[in-house]
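Next come the chains, spelled out residue by residue.
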Amino acid sequence: METMRYQENKKSSKAPIIAFFSFVIIGGALIFLALTHENEPTVIGQDKSDVQNLLDLSQDESVPVINLADIEYSVADNKISDTSNAKIKADITIPVVTLGKEKLEELNKKIDDQYTQRYVNLKDQMKSADHKYTFTVSYNNYDNTVNDKRILSLTLHQRIIDDAAKKSTTEKIECFNINLETGKEITEKEILVSMLGKDYKMIVKNSVKGYVVSKKLMNESDFTYALTGLENFYIKDEKVHIIFNEGDLVDKKHGVLDITIEEE
């Protein structure tokens, strides 16, 4: 018996291939059309109006420029007297600084506490003194514009006077320097760098050396001073002055030295 063989032959279909190429052609055409109709990219600032808008925004957000000449302040006297101790009395006049309409409370309190407490301590120490004395404090103030800063310098002159001899037994000058833009004290380094440059330490040293040697207060070979950053200093007529109190630099008999720092 013959075995019958069946063979199924499937017809090959070209439909998937045609669909694939159709997709590629149509998709490419769509991409080409999209690219040809796309707007040119715009660079910010290319349009004049963009630049102007950015400038206007920058100006609106900028911090207002302070005209140093327009800063208003005042310095008033705070007088303090005391005669409760038979051996020493107080005759104190210290400054009260107001910036605009606001008193500089921190600075004013610092100065007040410094001199009133000093007097209180002296009262206790001099209860049994042989002579009568007066503890006196006075002050000066100097207004200077230095580069981009307006600075108020205060110098406070403290003396203990022998009433009978009418002469000072001790004296001391202390300084406070206020940036009138901020109402805060300004540091010695900040001022000296601004006014004298990066070599300020050498300039100060040479000025001090020149002063004490020329005045014959010290031999050049004995001079060993170096700036500490803790000096009392003030500004007057756009010049830095450094104060050396009795015995700070030279023998106490020479008293207080007020040395003007000269640029080289």
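Residues numbered from 1 in each chain as written. Predicted model: local features only at pLDDT ≥ 70, side-chain atom pairs only at ≥ 80, totals over all residues. Heavy atoms only, no water.

### Thoughts on the overall build of the protein
What counts is decided by this rule: Put simply, DSSP H or I for four residues or longer makes a helix, DSSP E for two residues or longer makes a strand, and each gets a number counted from the N terminus. Exposed residues in this analysis have more than 50% of their type's maximum accessible area, buried residues have under 20%, and partly exposed residues fall in between, with area computed by a 1.4 Å probe over protein chains only. In what follows, a contact means two residues having at least one pair of non-hydrogen atoms within 4.5 Å. Computed by Shrake-Rupley with a 1.4 Å probe, the accessible areas treat only the displayed protein chains as cover when residues are assessed.
The secondary structure content of the protein amounts to five helices and ten strands. Scored against the burial criterion, the 264 residues of the protein give a buried share of 33%. Within the protein, residue pairs in contact and separated by at least 24 positions form 56% of the contacts whose partners lie at least 6 positions apart. As displayed, the protein offers around 18300 Å² of accessible surface, 52% of which is attributable to carbon and sulfur atoms.

### Re the pattern of salt bridges
So the rule is basically this: Salt bridge, as used here, is a side-chain nitrogen of Lys or Arg placed within 4 Å of a carboxyl oxygen of Asp or Glu.
Scanning all chains against the criterion turns up nine salt bridges. Lys110 is the partner of Glu185 in a salt bridge, and the nearest nitrogen-oxygen pair spans 2.8 Å. Highlighted residues: Glu185 in strand E7 (residues 184-185) and Lys110 in helix H3 (residues 105-125), separated in sequence by 75 residues. The closest approach of N and O atoms between Lys239 and Glu262, which form a salt bridge, is 3.0 Å. In this pair, Lys239 sits in strand E9 (residues 239-244) while Glu262 sits in the segment after strand E10 (257-260), placing the two residues 23 residues apart along the sequence. What makes Glu262 partly exposed here is its relative accessible area of 41%.

### Looking at the packing of helix H4 (residues 188-196) against helix H5 (residues 200-214)
Under the convention used in this document: Fitted lines through C-alpha atoms give the axes, limited to the stretch in contact for helices. The angle between two N-to-C directions lies from 0 to 180 degrees. Throughout, the term roughly parallel applies to angles under 35 degrees, roughly antiparallel to angles over 145, roughly perpendicular to angles from 65 to 115, and oblique to all others. Note on residue categories: nonpolar means Ala, Val, Leu, Ile, Met, Phe, Trp, Tyr, Cys or Pro, charged means Asp, Glu, Lys or Arg, and polar means any other residue, Gly included.
It is at 9 Å that the axes of H4 and H5 come closest, and there the two elements cross at 90 degrees. Between H4 and H5, the angle falls in the class roughly perpendicular. Taken together, the residues of H5 that come into contact with H4 (itself represented by Lys189, Leu192, Val193 and Leu196) are Tyr200, Ile203 and Val204. Residues that form the contact of H4 with H5 fall into these classes: six nonpolar, no polar and one charged.

### Thoughts on the confidence of the model for the protein
Stated precisely, the cut-off is as follows: One number per residue, pLDDT, summarises how confident the predictor is, and it ranges from 0 to 100.
For the protein, mean pLDDT is 84; residues scoring 70 or higher make up 76% of the total. Contacts from residues 1-12, a stretch scored under 50 in pLDDT, to residues over four places away or in other chains number zero contacts. Note on residues 40-48: pLDDT is under 50 here. Beyond four places in sequence and across chains, it has five contacts.

### Some points on the nonpolar core
Put simply, the rule is: Here the nonpolar core consists of buried residues drawn from Ala, Val, Leu, Ile, Met, Phe, Trp, Tyr and Cys, with membership extended through side-chain atoms lying within 4.5 Å.
By size, the foremost hydrophobic cluster in this structure holds 27 residues, and its most contacted members are Ile111, Phe135, Leu154 and Leu156. For this core, the secondary structure elements donating two or more residues are strand E2 (88-99), H3, strand E4 (133-146), strand E5 (149-162) and strand E6 (167-179). Excluding residues that lie within four positions of it along the chain, Phe135 makes contacts with Ile88, Lys89, Ala90, Asp91, Ile92, Tyr115, Arg118, Tyr119, Leu122, Gln158, Arg159 and Ile160. Counting residues in hydrophobic clusters, the runner-up holds 26 residues, among them Leu192, Leu196, Leu227 and Ile235.

### Overview of the environment of Glu174
We count it as follows: In protein, a polar contact requires one atom able to donate a hydrogen and another able to accept it; more generally it is a pair of N or O atoms within 3.5 Å, and residues adjacent in sequence count only if both atoms are side-chain atoms.
In this structure, Glu174 sits in strand E6. For Glu174, a relative accessible area of 13% gives the class buried. Along the primary structure Glu174 and Tyr139 are separated by 35 residues, whereas in three dimensions their C-alpha atoms are 9.5 Å apart. For Glu174, the side chain forms a polar contact with the side chain of Arg118, separated by 3.0 Å.

### Points about the pairing of E5
Worth spelling out the cut-off: Pairing between two strands requires that DSSP report at least two bridges joining them.
Among the 14 residues of E5, twelve are classified as buried, and the element is accordingly described as predominantly covered. As paired strands, E4 and E5 are joined by 14 bridges and run antiparallel to one another. Bridge pairing in E5 links Asn141 to Leu154. What sits between the antiparallel neighbours E4 and E5 is a turn of two residues, in which Asn147 has the positive phi angle 55 degrees. Both E5 and E6 contribute to a ladder of twelve bridges, which runs antiparallel. Bridge pairing in E6 places Ile151 opposite Asn179. Linking E5 to E6, which pair antiparallel, is a turn of four residues; within it Lys166 sits at a positive phi near 55 degrees.

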